[in-house]
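Spelled out from the first residue to the last, the chains are:
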Amino acid sequence: MNLCNINHGFDYELEKLCRIFLPFEKINILKTEEAAEIYAVCSFKGNLARATLNFSSKTYYHELPCKDSLEKTKELAIATCLFNCFKEATGYIPEWGLLTGVRPAKLYAKLLKSLGKEETDNYFRNTLFVSDEKITLCNETVEPEQTIIALNRPDSFSLYVSIPFCPSRCSYCSFVSHSVDKAGKLIDDYVDLLCKEIELTAKIAKEQNLHLETVYIGGGTPVSLNASQINTVMSSIRNNFDLSTISEYTVEAGRPDAITKDKLLAIKEGGATRISVNPQTMNDGVLKAIGRNHTALQTLEAFKLAREIGFDNINMDLIAGLPTDTLDSFKSTLNTLLELDPESITVHSLSVKKASNIAVNDQLPEIETGKIASHMVRYARKTLTEKGIVPYYMYRQSKTVGNLENVGYAKKGFEGLYNVYIMDETHTILACGASAVTKLRQPGGDYIERIFNFKYPYEYISRFDEICDRKKGITNFYENYFSKR
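Right, let's walk through the structure included here. In this text the structure is predicted, and so the values were computed from the model without any measurement.

Before going further, it helps to examine the pattern of salt bridges. Within the structure shown, the criterion is met by 23 salt bridges. Its salt-bridge partner being Lys 106, residue Glu 425 comes within 3.8 Å of it at the nearest N-O pair. Note that Glu 425 is positioned in the loop between α15 (417–424) and β16 (428–432) and Lys 106 in helix α3 (residues 104–115), a separation of 319 residues in sequence. A relative accessible area of 30% means that Lys 106 is categorised as partly exposed. Asp 192 is the salt-bridge partner of Lys 196, the closest N and O atoms lying 3.8 Å from each other. Of the two residues, Lys 196 and Asp 192 both sit in helix α7 (residues 187–207), four residues apart, roughly one turn of that helix.

See the structure below:
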């Protein structure tokens, strides 16, 4: 698709808006109308925002006057024009309306403080065109999110540790993760250097008198490591960080086919208070379709084993909109998970990124999949809330089937604190490992600075000295902040 933007700089915003309606199409941004084929033209004439869309041999046009010359006002006006063109052309009304951001509940909470509930709801409904169902979802997540955010201190931070290895690569996955068969020879060196980075990070955190709130070991699949390697990593965390202050310690056990008794014992003895056992679906046919080399029975066995070992805070993930899945199959999956009685269930909507096998092999989900996925998430919300498992955080991703969202549901008192902190950007996240991103948040402010580690394990190993050098940015950030106080 060619998107021509004339006399304005809202390229990124309008491209994201186009992806609501054309999530898997390449979008070319143009600045003149000289191209042979223009699908959409967005421009201003004085204070008048205008959008023209050529779609299926028809032309659609909308215009809207701007109330003032503020950039936010102009952005909203031009986006509304293009949105109305697409809506008229396709007959599709996205439930999230104009919203393309990752954190709709964060925006809702911000407006709630200044406008109150009635005006916030009206703004979401009438200006952003968000459906009543999604407005209610925002409202439901605000209270638990804000309760968790209130636990934060100016000197708070969380620790994230990346284990970028998996038993095999799922077809929908776009994370920087490597199958153990292909990258297993790197693991020993990776673990050794990871522990050195953990030690260095802890030293810096102590120097800055930071207060550790939560620890999260993710990936990838952390249990791709053997029990000894898991013990090594978790011992490094325990020996270098003061864990007496933390409220939560999560390890993403993840794939049932990699979960064993000795690994779970290592995780338990290492200090974890919360784990995830992630089936994504309990339909063996769907598991095969997405490249998962385990069965639903293995999920049941892994969950039972975790309970026997003593884990009393277990999360389970599932995905709506997976290839070959049906609404009835999804319902069966959810009902099976409820019989297991986990403390929390996270319902993801399938997001297809360009690096995933689904995208690479042109197995993109059809529009109909989005409609089915919408029924799936609606069923999950109704069923879970009726069971007292309620939404506590929510976020969105691009290229998601049905333009839907991911929602964490939990029993009261079992909300995943790290999930809220990372999505709200509540406080600093110090991150270690390949593809990890440290996010430094200004205490008492909204400014965020990022420090990126190298993505791939082989880069992480071969250029480890550079990663250590980048850690100086943490010290510089905090010293700069405190020098201005």
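Still more ground to cover, so stick around.
Once that is clear, we can look at the sheet that holds strand β4 (residues 48–55). Taken in spatial order, the five strands of this open sheet run β2-β1-β3-β4-β5, and their pairing is mixed. At either end of the open sheet lies a strand with only one pairing partner, and these are β2 (28–30) and β5 (58–65). Averaged over all pairs of adjacent strands, the angle between their axes in this sheet comes to 15°, without regard to strand direction. With three bridges connecting them, strand β1 (residues 2–5) and β2 associate as parallel partners. Residue pairing across strands places Leu 3 opposite Ile 29, the latter belonging to β2. Helix α1 (residues 11–21) rests against β1, β2 and β3 (40–45) of the sheet, and its axis sits at about 145° to β1. Sitting on the sheet, helix α2 (residues 71–90) is in contact with β1, β3, β4 and β5, with an inclination near 25° to β4.

Further remarks concern the side chain of Glu 405. Within the secondary structure, Glu 405 sits in the loop between β14 (390–395) and β15 (406–410). The class of Glu 405 is buried, set by a relative accessible area of 4%.

Let us look at the side chain of Asn 403. The residue Asn 403 is located in the loop between β14 and β15 in this model. Of the polar contacts made by the side chain of Asn 403, one reaches the side chain of Arg 396; its length is 2.6 Å. With near-sequence residues (within four places) excluded, Asn 403 lies in contact with Ile 20, Tyr 92, Pro 94, Trp 96 and Arg 396.

What follows deals with the packing of aromatic side chains. Counted by the stated rule, this structure contains 19 aromatic pairs. The interplanar angle of 10° and the centroid separation of 5.8 Å between the aromatic rings of Tyr 456 and Tyr 458 together place this pair among those described as stacked. By the ring-pair criterion, three or more aromatic residues cluster together here, those being Phe 21, Phe 55, Phe 83, Phe 86, Tyr 92 and Phe 129. Taking NZ or CZ as reference, Lys 74 lies 5.0 Å from the ring centre of Phe 44, over its face. The ring of Phe 129 carries Lys 87 above its face, with NZ or CZ at 5.3 Å from the centroid.

Glancing now at the packing of helix α5 (residues 132–149) against α15. Packing of α5 against α15 leaves a shortest axis separation of 10 Å and a crossing angle of 90°. The angle between α5 and α15 places the two elements in the roughly perpendicular class. Note on element contacts: α15 touches α5 through Leu 417, Val 420, Tyr 421 and Asp 424, opposite Glu 145, Ile 148 and Ile 149. Broken down by class, the residue content of the contact of α5 with α15 amounts to five nonpolar, no polar and two charged.

To continue, consider the environment of Gln 146. Relative to the helices and strands, Gln 146 resides in helix α5. When the C-alpha positions of Gln 146 and Ala 109 are compared, they lie 8.3 Å apart, and in sequence the two are 37 residues distant. Setting aside its immediate chain neighbours within four residues, Gln 146 contacts Ala 109 and Lys 113.

Before going further, it helps to spend a moment on the state of the cysteines. Linking two cysteines covalently through their sulfur atoms gives a disulfide. Enumeration over the complete set of coordinates arrives at zero disulfides. Here Cys 81 stays free of any disulfide, with the sulfur of Cys 85 as its closest cysteine sulfur at 7.1 Å. Among the residues examined, Cys 81 registers a relative accessible area of 1% and is labelled buried.

We now examine the pairing of β3. The buried fraction of β3 is high, at five of six residues. Inspection of the sheet shows β1 paired to β3 by three bridges, in the parallel sense. Following the sheet pairing, Cys 4 is matched in β3 by Val 41. Relative to β4, β3 runs antiparallel, the two being bridged by six bridges.

About the criteria used
Residues numbered from 1 in each chain as written. Predicted model: local features only at pLDDT ≥ 70, side-chain atom pairs only at ≥ 80, totals over all residues. Heavy atoms only, no water. Salt bridge = Lys/Arg side-chain N within 4 Å of Asp/Glu carboxyl O. Helix = DSSP H or I, 4+ residues; strand = E, 2+ residues; numbered from the N terminus. Buried < 20%, exposed > 50% of the residue type's maximum accessible area, 1.4 Å probe, protein only. Pairing = 2+ DSSP bridges. Axes fitted to C-alpha atoms, helices over the stretch in contact; angles between N-to-C directions. Contact = heavy atoms within 4.5 Å. Polar contact = N/O pair within 3.5 Å; in protein donor to acceptor, adjacent residues only side chain to side chain. Phe/Tyr/Trp six-rings, centres within 6.5 Å; stacked < 30°, edge-to-face > 60°. Lys NZ or Arg CZ within 6 Å of the ring centre and 35° of its normal. Parallel < 35°, antiparallel > 145°, perpendicular 65-115°, else oblique. Nonpolar A, V, L, I, M, F, W, Y, C, P; charged D, E, K, R; others polar. Disulfide = S-S within 2.5 Å.

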